[in-house]
Amino acid sequence: MTVRLNATARREQLVDVAVGVFAKNGYHAASMNDVAVAAGVTKPVVYQHFASKKDLYIALLDEVGRRLLTRISKATAEAVDGRTQTLAGFSAYFHWVADDHDAFLLLFGSGPRSDDDFADAVRRVTDGVASAIASLITVDISAEHRETLAHAIVGMAESASRKLIDSGTSFEPDRIAEQLAVLAWSGLRGLGR
């Protein structure tokens, strides 16, 4: 029996379920029926919320990205200095990776980057995270250089996460966050000299 949810709650449920379906099967192998079955609803219910599989997938990428950015922004907002912000940002990110492998794989897997529409959605997320990081870089350099460094930090975190997930071993998010924060903070401090 399907639990009756209001439209907002049902959409959130479908998004949460679809992340796992697409992360496991990939975009092309997953179907709207797979999402419906996993959510315990009929396929028409999925189509009430998403016009197509492509619309659902783009919505997933946007939502996962929003959740990631919100998590990092909240963590860094309470930090009192650059070093603490750096550590807090990395910690929030690696806890997100550890807590939700499926979201990471959905957002940063190879599938989304091979389709222009999906690549644009991933780029929006990456740009959003990089912009948030750039605003935390307080070194006296141009805004363009600051953005470039912020993208490098995003790439460093993404690459490390991919390695950790691909290895299949568990990891301590705080330990990895501390190591990469030290690396990033040391490099950023060196720019100011």
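Residues numbered from 1 in each chain as written. Predicted model: local features only at pLDDT ≥ 70, side-chain atom pairs only at ≥ 80, totals over all residues. Heavy atoms only, no water.

A.B. asks: Can you walk me through the nonpolar core in this structure?
C.D. replies: Formed by 59 residues in total, the largest nonpolar core has its most connected members in Phe 22, Leu 60, Phe 90, Tyr 93, Phe 94, Trp 96 and Leu 107. The contact partners of Phe 90, leaving out residues within four places of it in the chain, are Ile 153, Met 156, Ala 157, Ala 177, Leu 180, Ala 181 and Ala 184. (Core = buried A, V, L, I, M, F, W, Y, C linked by side-chain atoms within 4.5 Å. Buried < 20%, exposed > 50% of the residue type's maximum accessible area, 1.4 Å probe, protein only. Contact = heavy atoms within 4.5 Å.)

A.B. asks: Help me understand the packing of aromatic side chains, please; the structure alone is not making it clear to me.
C.D. replies: The description of two aromatic rings rests on the distance between their centres and on the angle between their planes. Enumeration according to the criterion identifies 11 aromatic pairs in this entry. Between Tyr 27 and Phe 118, the ring centres sit 4.8 Å apart and the planes meet at 65°, which makes this aromatic pair edge-to-face. With a gap of 91 residues between them, Tyr 27 in helix 1 (residues 7-29) and Phe 118 in helix 8 (residues 116-134) connect regions that are remote in the sequence. When the ring of Tyr 93 is compared with that of Phe 94, the centres are 5.0 Å apart and the planes differ by 90°; the resulting orientation is edge-to-face. The same class applies to Tyr 93 and to Phe 94, which are both buried. Following the ring pairs from residue to residue traces out a cluster consisting of Phe 90, Tyr 93, Phe 94, Trp 96, Phe 104 and Phe 108. Positioned over the ring face of Tyr 27 is Lys 53, at 4.5 Å from the centre of the ring. (Phe/Tyr/Trp six-rings, centres within 6.5 Å; stacked < 30°, edge-to-face > 60°. Helix = DSSP H or I, 4+ residues; strand = E, 2+ residues; numbered from the N terminus. Lys NZ or Arg CZ within 6 Å of the ring centre and 35° of its normal.)

A.B. asks: For this particular structure, what's the right way to read helix 6 (residues 101-108)?
C.D. replies: Count 3.6 residues to each turn of an α-helix, and residues three or four apart come out pointing the same way. Restricting attention to buried positions, one finds in helix 6 the residues Ala 103, Phe 104, Leu 106, Leu 107 and Phe 108. Across the axial projection of helix 6, the buried residues extend over an arc of 165°, all falling on one side. (Arc of directions from axis to C-beta.)

A.B. asks: I tried to follow the environment of Ala 79 on my own but got confused; where do I start?
C.D. replies: Its place among the elements puts Ala 79 in the loop between helix 4 (53-77) and helix 5 (82-99). Residue classification places Ala 79 among the buried residues on the basis of a relative accessible area of 16%. Between the C-alpha atom of Ala 79 and that of Gly 89, which follows or precedes it by 10 residues, the distance is 9.3 Å. In this structure, Ala 79 is in contact with Thr 84 and Gln 85, ignoring residues within four places of it in sequence.

A.B. asks: Looking at this structure, I do not really get the side chain of Arg 10. What am I missing?
C.D. replies: Following the sequence through the fold, Arg 10 ends up in helix 1. For the buried residue Arg 10, which engages in no salt bridge, the nearest side chain bearing the opposite charge is Asp 16, 11 Å off. A polar atom in the side chain of Arg 10 sits 2.7 Å from the side chain of Gln 13. (Lys, Arg positive; Asp, Glu negative; His and termini not counted. Salt bridge = Lys/Arg side-chain N within 4 Å of Asp/Glu carboxyl O. Polar contact = N/O pair within 3.5 Å; in protein donor to acceptor, adjacent residues only side chain to side chain.)

A.B. asks: Looking at this structure, how should I read the pattern of salt bridges?
C.D. replies: A pair can form between side chains of opposite charge whenever their charged atoms are brought close. Applying the stated rule across the entire model yields seven salt bridges. A salt bridge links Arg 67 to Glu 63; its shortest N-O distance comes to 2.8 Å. Residue Arg 67 and its partner Glu 63 are both found in helix 4; the two are separated by four residues, about one turn of the helix. Overall, the relative accessible area of 19% leaves Glu 63 in the buried class.

A.B. asks: Sorry, what's going on with the packing of helix 5 against helix 9 (residues 143-167) here?
C.D. replies: How two helices sit against one another is set out by the angle between their axes and by the gap between those axes. Contact pair helix 5 / helix 9: the axes reach a minimum separation of 11 Å and the direction vectors enclose 30°. In the packing of helix 5 onto helix 9, the handedness of the crossing is right-handed. The segment helix 5 lies against helix 9, with Phe 90, Tyr 93, Phe 94 and Val 97 engaging Ile 153, Met 156, Ala 157, Glu 158, Ala 160, Ser 161, Leu 164 and Ile 165. (Axes fitted to C-alpha atoms, helices over the stretch in contact; angles between N-to-C directions. Left-handed = near helix turned anticlockwise from the far one by under 90°.)

A.B. asks: Can you help me understand the side chain of Thr 126 in this one?
C.D. replies: Counting through the fold element by element, Thr 126 comes out in helix 8. When near neighbours in sequence (up to four residues on either side) are disregarded, Thr 126 contacts Phe 108, His 151 and Val 154.

A.B. asks: Sorry if this is basic, but what is going on with the environment of Ile 58 here?
C.D. replies: Within the secondary structure layout, Ile 58 lies in helix 4. On a C-alpha basis, the gap between Ile 58 and Val 15 in space is 11 Å, while along the polypeptide they are 43 residues apart. When neighbours within four sequence positions are excluded, Ile 58 is seen to be in contact with Asp 117, Phe 118 and Arg 124.

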